[in-house]
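Fold and geometry: a report
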Amino acid sequence: MQTSSIHGMWSSRLAFVLAATGSAVGLGNIWRFPYITSENGGGAFVLVYLVCIFLVGLPVMFSEIVIGRRGRMSPINSLKELSDDAGKTRAWMGLGVLGVIAGFVILSFYSVVAGWTLHYGFLYFKELIGMGQPITDPAETFTGLLANAGELTFWHGLFMLMTVAVVALGVEKGLERAVSILMPMLFVLLLILLGYGIQTGHFMEAVSFLFRPDWSQLSFGMVVTALGQAFFTLSLGMCAIMTYGAYLPSNANIPAVGTTVAISDTVVALIAGLAIFPVVIAFGIDPAGGGAGLIFTSLPLAFAEMPFGIAYGMAFFLLLSVAAWTSSISLMEPATAYLVESTNLSRKGAALCVAAVAWMLGLVSVFSFNLWAEVSIGGRSLMDAKDFVTSEIMLPIGGLLTALFAGWALSSAISREELDNKMPNWAYTAWLWLARVGAPGLILIVMAGRLELF
Ligand code: PHE
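What you are looking at is a predicted structure, and each value in this text was computed from that prediction instead of being measured.

About the criteria used
Residues numbered from 1 in each chain as written. Predicted model: local features only at pLDDT ≥ 70, side-chain atom pairs only at ≥ 80, totals over all residues. Heavy atoms only, no water. Helix = DSSP H or I, 4+ residues; strand = E, 2+ residues; numbered from the N terminus. Rg over C-alpha atoms; globule rule 2.2 N^0.38 Å. Buried < 20%, exposed > 50% of the residue type's maximum accessible area, 1.4 Å probe, protein only. Areas by Shrake-Rupley, 256 points an atom, 1.4 Å probe, with all protein chains shown as cover. Lys, Arg positive; Asp, Glu negative; His and termini not counted. Charge placed at Lys NZ, Arg CZ, Asp CG, Glu CD. Patch = residues over 30% accessible without salt bridge, like charges linked within 9 Å, V, L, I, M, F, W, Y side chains within 5 Å. Salt bridge = Lys/Arg side-chain N within 4 Å of Asp/Glu carboxyl O. Axes fitted to C-alpha atoms, helices over the stretch in contact; angles between N-to-C directions. Parallel < 35°, antiparallel > 145°, perpendicular 65-115°, else oblique. Left-handed = near helix turned anticlockwise from the far one by under 90°. Contact = heavy atoms within 4.5 Å. Nonpolar A, V, L, I, M, F, W, Y, C, P; charged D, E, K, R; others polar. Expected span 1.5 Å × (residues − 1). Near = heavy atom within 4 Å. Polar contact = N/O pair within 3.5 Å; in protein donor to acceptor, adjacent residues only side chain to side chain. Phe/Tyr/Trp six-rings, centres within 6.5 Å; stacked < 30°, edge-to-face > 60°. Lys NZ or Arg CZ within 6 Å of the ring centre and 35° of its normal.

1. As for the overall build of the protein
- Scanning the protein for helices and strands turns up 18 helices and 2 strands.
- The C-alpha atoms of the protein give a radius of gyration of 21 Å, which matches the 22 Å a tight globule of 454 residues would have.
- Considered along the principal axes of its C-alpha atoms, the protein spans approximately 65 × 50 × 40 Å.
- Put simply, the protein has 454 residues, and 59% of those count as buried.
- Of the roughly 16,800 Å² of accessible surface on the protein, 67% is carried by carbon and sulfur atoms.
- The centroid of the 20 positive side-chain charges in the protein is displaced by 12 Å from the centroid of its 26 negative side-chain charges.

This is the structure we're talking about:
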């Protein structure tokens, strides 16, 4: 059994929790969760999403960390070694390959949206120093940005450079420190926004939109979307957490760290929802209208009214960029670690190759808003198609395979040992059967229902 990884190790279990929370908390919580929720009609969607987090997300989270820590390498090679050791087929490596591909595709649109947040941070910065125009009509500002391919490419490129810089330097120092200071700051800003939301007088409407289920909205399509959001927000199903697990010290308790990450992520998403929807409602934006621009078209209306709104808006978007940054690093890490292990590229060279490919793929997302706005695949723009294929197809399938591998291919002696002997028997058995049958079964049923197989 390997006790360390050639790529470096987290300095403590807290460092892992910070890094994995940094991976989980990002645009998925603050940009994607509110707009997907609004498109799916609120309450019923949120409750299904919460069920998916606990019944599917948590067991898959434990499975990824177990596989990663046992294998101590990039997902593809960890799966190879562990399959060999267990006398199972090497076809399991396909899960790692799927993860690496999903990582590229997600990174390629994630970085474009992170570019929007950088751009907004910069707009507020210019306004703050008296050199920019105030955002008087947020919807127009947003449409204007999307129409400008050059501007989008610039911010997408800058964000990709920021990501590659950290990945090239390795996982330990910079990342840990940045995460431990900046993530709590973002959380405080969200709480301030929540306070603003409460005093708009529309807080209870937001609560009821988010939590009062209208079960007429329930459909297989909606459940798959909720499942996809659960995977996306927890960074699961594409081997990112598996890769981070490879750098987790042997004495860390996997159920404890995994649960902490899942709960923190969920709390951030719910607080983001509770902070954003009162604003959406107060300014008369139709919450069911949604759209990927939701936070960019609604929050500036609040910032324009809040005391110190410009400075606040700047801090909010810059910290959101940081949250996106700590997530995109984990999107890049699996492919980079694989290249370091399997080629003679240095870490820097490997990270640069990954970033270059993801950046080019990202141009497809950039152009989907302007030059190629007419192109659609199955009724979706190229941007939406990438988002759909990854979160609603690749991540659930990745999660399904991860759970099956941890539950069936690994011996229970190994998973028991990794999951910590202090875990009570009933909890271990519950995890084992959720990984073996419960989570894969639920994923299969909702995907089959979505495809109208029954
Ligand atoms: N979880 C991240 C977010 O919510 C996105 C992500 C998905 C990161 C998959 C890594 C892997 O923003």
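What follows picks up the thread again.
2. Quick look at a nonpolar patch on the surface
- A surface patch of nonpolar side chains, amounting to about 490 Å² of accessible area, comprises F122, F125, L128, I129 and M131.
- Topologically, F125 is positioned in helix α5 (residues 93–128).
- Judged by relative accessible area, F125 falls into the partly exposed class, the value being 37%.

3. Some thoughts on the packing of helix α7 (residues 149–169) against helix α15 (residues 347–367)
- Packing of α7 against α15 brings their axes to within 9 Å, and their N-to-C directions diverge by 160°. Comparing the axis directions of α7 and α15 gives the class roughly antiparallel. You can see that α7 and α15 cross each other, and the crossing is right-handed. On α15, the residues touching A149, L152, T153, H156, G157, M160, V164, V167 and A168 of α7 are R347, K348, A351, L352, A355, A358, W359, G362, L363, V366 and F367.
- Along the lines of polarity and charge, the residues of the contact of α7 with α15 split into 14 nonpolar, 4 polar and 2 charged.

4. Describing α15
- For α15, spanning 21 residues, the distance from its first C-alpha to its last is 30 Å, which sits close to the expected 30 Å at 1.5 Å a residue.
- If you check which residues of α15 are buried, you get R347, G349, A350, A351, V354, A355, A358, G362, L363, S365, V366 and F367.

5. Details of the site of the ligand
- Every one of the 14 residues lining the ligand counts as a neighbour, but A24, G28, Y110, F232 and S235 are closest to it.
- For the ligand, a nitrogen atom lies 3.1 Å from a polar atom in the backbone of T233.
- Going through the elements one at a time, α1 (13–24), α2 (27–39), α10 (220–234) and α14 (309–342) are the ones with two or more residues in the shell around the ligand.
- Grouping the amino acids of the shell around the ligand by side-chain chemistry returns 6 nonpolar, 8 polar and no charged.

6. Regarding the packing of aromatic side chains
- Tallying each qualifying case throughout the model produces 27 aromatic pairs.
- Note on W31 and Y35: the rings are 5.3 Å apart at their centroids and 50° apart in plane angle, and the pair reads as tilted. Of the two residues, W31 and Y35 are both situated in helix α2; the distance of 4 residues between them amounts to about one turn of the helix. The pair formed by W31 and Y35 is uniform in burial state, with each residue classed as buried.
- Directly above the aromatic system of F388 lies the positively charged group of R380, at a separation of 3.8 Å from the ring centroid.
- The aromatic ring of W433 is capped on one face by R436, whose charged end is 5.0 Å from the ring centroid.

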